[in-house]
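Here is how the chains run, residue by residue.
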Amino acid sequence: MVITEKECKNCGRAVQLETAEPGRFADLLTRMAILCDSCEVIEEAELTRLREAREAEQKAILRERWVKESGIPDTLRDCNSTTLDRDEANAEGLDAGKAWATGHILGLLLTGTVGSGKTMCAAASANSYLYRAPLRWFSVSKMLAQARAGFKNPAREDLYDVLLNPRVALVLDDIDKSNPTAFASEILFQAIDERINYGTPLLVTTNATYVELEESYGEPIASRLGGYCQPVKMLGGDRRLAKK
Ligand SMILES: [Zn+2]
């Protein structure tokens, strides 16, 4: 057994090394820069800190991309549970939105009259969800207009890619009770049905009641939504008016 004494490259403290035999391995060891035990702990902590900082940075970059690609309207991108005034009327919606964003429930159906805050609540949930995974947001009336665009229209192709990809989480904002075409109902049905079959997160807002949804879009859509989504009625009056 050979004892070689070296200096810690960081603090200069003497460190004793044991090598079995003089020879190439012992030579190598004596040429290597080494750290004493306490400096090794510090270096490890520093490496962990650097790694965590790099991971956080990558996560932030990824989230920024997800937000950009999500289709959430610019006006709703800052919406989160702290920017919304919590009150009796929206508390249940905010709690359910949080459960949805964290993956505790897969389907959420926010109902309520115009201005009851369901879109804001959906936006807060979506923004929170985007810390975890990507999703796509569609305003349903806009989406249906896009779906009617001519064949070979890139916007339409993209729309179908997203709607029919069962792994993409969806927010469908504002399925209203206006009379949709058979085509619109079919598109919506497929988008919803795909999510349900694959257990993909789905958040829907509507000012229609269950009966109205059934009358406008047909029983299959209404019963699918009813079976998959936890329904929450937002009770607020018109928040937009109330704020003025
Ligand atoms: Zn040291």
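Residues numbered from 1 in each chain as written. Predicted model: local features only at pLDDT ≥ 70, side-chain atom pairs only at ≥ 80, totals over all residues. Heavy atoms only, no water.

1. Concerning the overall build of the protein chain
Step number 1: What the protein chain contains, in helices and strands, is 10 helices and seven strands.
Step number 2: For 244 residues, the compact-globule formula gives about 18 Å, and the C-alpha radius of gyration of the protein chain, at 28 Å, lies well above that figure.
Step number 3: In terms of overall dimensions, the protein chain has a C-alpha envelope of 90 × 45 × 30 Å along the principal axes.
Step number 4: The buried share of the protein chain, reckoned over its 244 residues, is 42%.
Step number 5: Counted over contacts in the protein chain with a minimum sequence separation of 6, partners at least 24 positions apart contribute 73%.
Step number 6: Taking the 31 positively charged and 36 negatively charged side chains of the protein chain as two groups, their mean positions are separated by 4 Å. (Helix = DSSP H or I, 4+ residues; strand = E, 2+ residues; numbered from the N terminus. Rg over C-alpha atoms; globule rule 2.2 N^0.38 Å. Buried < 20%, exposed > 50% of the residue type's maximum accessible area, 1.4 Å probe, protein only. Contact = heavy atoms within 4.5 Å. Lys, Arg positive; Asp, Glu negative; His and termini not counted. Charge placed at Lys NZ, Arg CZ, Asp CG, Glu CD.)

2. Concerning helix H5 (residues 140-147)
Step number 1: Those residues of H5 that fall on the buried side of the exposure criterion are Val140, Met143, Leu144 and Ala147. Each buried residue of H5 lies within a common arc of 95 degrees when the element is viewed along its axis, so the set occupies one face. Exposed residues lying more than 90 degrees from the buried face of H5 are Ser141 and Lys142.
Step number 2: Its buried side turned inward, H5 meets strand E4 (135-139), helix H6 (154-163), strand E5 (169-173) and helix H7 (182-198). (Arc of directions from axis to C-beta.)

3. Observations concerning the coordination of the zinc ion
Step number 1: Donor atoms from the polypeptide that coordinate the zinc ion comprise Cys8 (SG), Cys11 (SG), Cys36 (SG) and Cys39 (SG), at 2.2 to 2.3 Å from the metal.
Step number 2: Each of the four donor atoms around the zinc ion contributes to a set of angles spanning 103 to 115 degrees, which defines the coordination as tetrahedral.
Step number 3: Motif for the zinc ion, donor spacing along one chain: C-x2-C-x24-C-x2-C. You can see cysteine 11 sitting in the loop between strand E1 (2-7) and strand E2 (14-19) and its partner cysteine 36 sitting in the loop between helix H1 (24-31) and helix H2 (37-70), a full 25 residues away along the chain.
Step number 4: Overall, cysteine 11 belongs to the partly exposed group, its relative accessible area being 38%. (Donors = N, O, S within 2.8 Å, 3.2 Å for Na, K, Ca; no water. Tetrahedral: all angles 85-135°; square planar, octahedral: opposite > 155°, others 65-115°.)

4. Regarding helix H9 (residues 219-228)
Step number 1: Among the residues of H9, Ile221, Ala222, Leu225 and Tyr228 are the ones counted as buried. One side of H9 carries all its buried residues, which in axial view fall inside an arc of 150 degrees.
Step number 2: Buried-residue contacts for H9 involve strand E3 (107-111), H7, strand E6 (202-206), helix H8 (210-217) and strand E7 (229-233).

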